Amino acid sequence: MEVTNVTEYQAIAKEKLPKMVYDYYASGAEDQWTLEENRNAFSRILFRPRILIDVSKIDMTTTILGFKISMPIMLAPTAMQKMAHPEGEYATARAASSAGTIMTLSSWATSSVEEVASTGPGIRFFQLYVYKDRNVVAQLVRRAERAGFKAIALTVDTPRLGRREADIKNRFTLPPFLTLKNFEGLDLGKMDEANDSGLASYVAGQIDRTLSWKDVKWLQTITTMPILVKGVITAEDTRLAIQAGAAGIIVSNHGARQLDYVPATIMALEEVVKAAQGRVPVFLDGGVRRGTDVFKALALGASGIFIGRPVVFSLAAEGEAGVRKVLQMLRDEFELTMALSGCTSLREITRDHIVTEWDAPRARPGPR
């Protein structure tokens, strides 16, 4: 059966992967209300397409932090990709590079920053978790910079790991033949078996719960890479992030894996965009499965989006070719959505191209 959309890869991945691994990738926190809402919220935003516009040439290119990419669709950090496929992050890096877009490597990757850099040229960002031992953090940031990574995506929504019940039931731990490659030499690469989730225990032991805005400033003293703050969903934190020197904001609820009953990211996006007032770019991750979703995010003011689960599911199904296909399908769908909406470049996508539940009713002409 030919795969014709991004969502179809999830069922294929479920068949192929061990239950513990599939559940780790697929599940959200607690009741998984936000997990479902991240998707469902997109379906409540409708289009107002404009017609009879010449759409014979469509330009999807954009510039992110000064780097030109082929489309506003990028790869979010997803951990431990070698659980999905033996080539793991190598395959993902090659797919992103061939699509002309940005890959974000997870701190908890099963391939190191140096290994991913060795796959060839490409624009890559590094997602950072702040460990209790700041020397570990400084060392890792320096290694990413030396390996040619262009930005840090600082995850700020994980002082503790969210309660992911599938991982507790499965006693999730990293398979014995794999390590968290970036921490291998520091004796932080292995995850112990635990009575609940091995990852939750690892986070409790290693990740710094004291992380605060002053640390965002500290990071800027140890690197010249711009810092994107990943995990902002309110106007208040948007303003604080900009004050702290963030170069950009990623509206994210961690794929609904942290605090359940936070809004879908697409619902939080406009609040963040308005608070940012154009001072820094705002990005979105969470629930993007269609080109129409990409358009909706851009219409609400996002500069680009990141996809997470579609990468690991397609990787599990077809390796590098699967990830390439996901990026191509999203690109093709997005291009079609632009054409049918009457937009020939990203700057032509406006708030008027969509209608949301919270919009004031449009003035109707009165009776004659």
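### Re the overall build of the protein
Helices and strands together make up the secondary structure of the protein, namely 13 helices and 12 strands. Its C-alpha radius of gyration of 20 Å places the protein within 12% of the 21 Å reference for a compact globule of 368 residues. In terms of overall dimensions, the protein has C-alpha extents of about 75 × 50 × 40 Å along its principal axes. Looking at the protein as a whole, 56% of its 368 residues qualify as buried. Counting only contacts in the protein whose residues sit at least 6 apart along the sequence, the fraction spanning at least 24 positions is 73%.

### Some words on the environment of Leu46
Structurally, Leu46 can be placed in strand E1 (residues 46-47). Spatially, the C-alpha atoms of Leu46 and Asp196 are 42 Å apart, while their sequence positions differ by 150 residues. Not counting chain neighbours up to four residues away, the residues in contact with Leu46 comprise His353, Ile354 and Val355.

### Here we look at the environment of Glu236
In this structure, Glu236 sits in helix H10 (residues 235-243). C-alpha separation for the pair Glu236 and Ser118, spaced 118 residues apart in sequence, amounts to 40 Å.

### Some details on the nonpolar core
Grouped together as the largest cluster of nonpolar side chains are 104 residues, with contacts concentrated most on Trp108, Leu128, Tyr131, Ile266 and Phe334. Counting residues per element, this core draws most heavily on helix H13 (residues 309-341), at 13 residues. When sequence neighbours within four positions are dropped, the list of residues in contact with Leu128 reads Ser107, Val137, Leu140, Val141, Ile152, Ala153, Leu154, Thr155 and Leu219. Core analysis: the next-biggest nonpolar cluster, separate from the first, contains 13 residues, Ile69, Met74, Ile123 and Phe125 among them.

### Looking at the packing of aromatic side chains
Applying the stated criterion across every chain yields a total of 11 aromatic pairs. Taking the centre distance of 6.3 Å and the plane angle of 75° together, the rings of Tyr131 and Tyr202 count as edge-to-face. With Tyr131 in the loop between strand E6 (124-128) and helix H6 (134-146) and Tyr202 in helix H8 (residues 198-206), this pair connects stretches of sequence that are 71 residues apart. When its relative accessible area of 1% is taken as the criterion, Tyr131 is described as buried. Judged by its relative accessible area of 7%, Tyr202 falls in the buried class. Of the aromatic side chains, those joined through ring pairs into one cluster are Trp108, Tyr129, Tyr131, Phe183 and Tyr202. Between the NZ or CZ atom of Arg134 and the centre of the ring of Trp218, over which it lies, the distance is 5.5 Å. Positioned over the ring face of Tyr24 is Arg257, at 4.8 Å from the centre of the ring.

### Quick notes on helix H4 (residues 88-98)
When H4 is considered as a whole, its buried residues turn out to be Gly88, Glu89, Ala91, Thr92, Ala93, Ala95 and Ala96. Among the structural elements, strand E4 (73-75), strand E5 (103-105), helix H5 (113-117), E6 and H13 are those in contact with the buried residues of H4. Looking at the residues trailing H4, positive phi occurs at Gly100, about 70°.

### What about the pairing of E6?
The element E6 is extensively covered by neighbouring structure, given that 5 of its 5 residues are classed as buried. Relative to E6, E5 runs parallel, the two sharing 3 bridges. Note on E6: the bridge partner recorded for Met103 is Arg124. Bridge count for E6 against strand E7 (residues 151-155) is 4 bridges, and the pairing is parallel. Bridge pairing in E7 places Leu128 opposite Leu154. Handedness of the crossover joining E6 and E7 through H6: right-handed.

What counts, and at which threshold
- Residues numbered from 1 in each chain as written.
- Predicted model: local features only at pLDDT ≥ 70, side-chain atom pairs only at ≥ 80, totals over all residues.
- Heavy atoms only, no water.
- Helix = DSSP H or I, 4+ residues; strand = E, 2+ residues; numbered from the N terminus.
- Rg over C-alpha atoms; globule rule 2.2 N^0.38 Å.
- Buried < 20%, exposed > 50% of the residue type's maximum accessible area, 1.4 Å probe, protein only.
- Contact = heavy atoms within 4.5 Å.
- Core = buried A, V, L, I, M, F, W, Y, C linked by side-chain atoms within 4.5 Å.
- Phe/Tyr/Trp six-rings, centres within 6.5 Å; stacked < 30°, edge-to-face > 60°.
- Lys NZ or Arg CZ within 6 Å of the ring centre and 35° of its normal.
- Pairing = 2+ DSSP bridges.
- Right-handed = clockwise from strand over helix to strand, strands pointing away.

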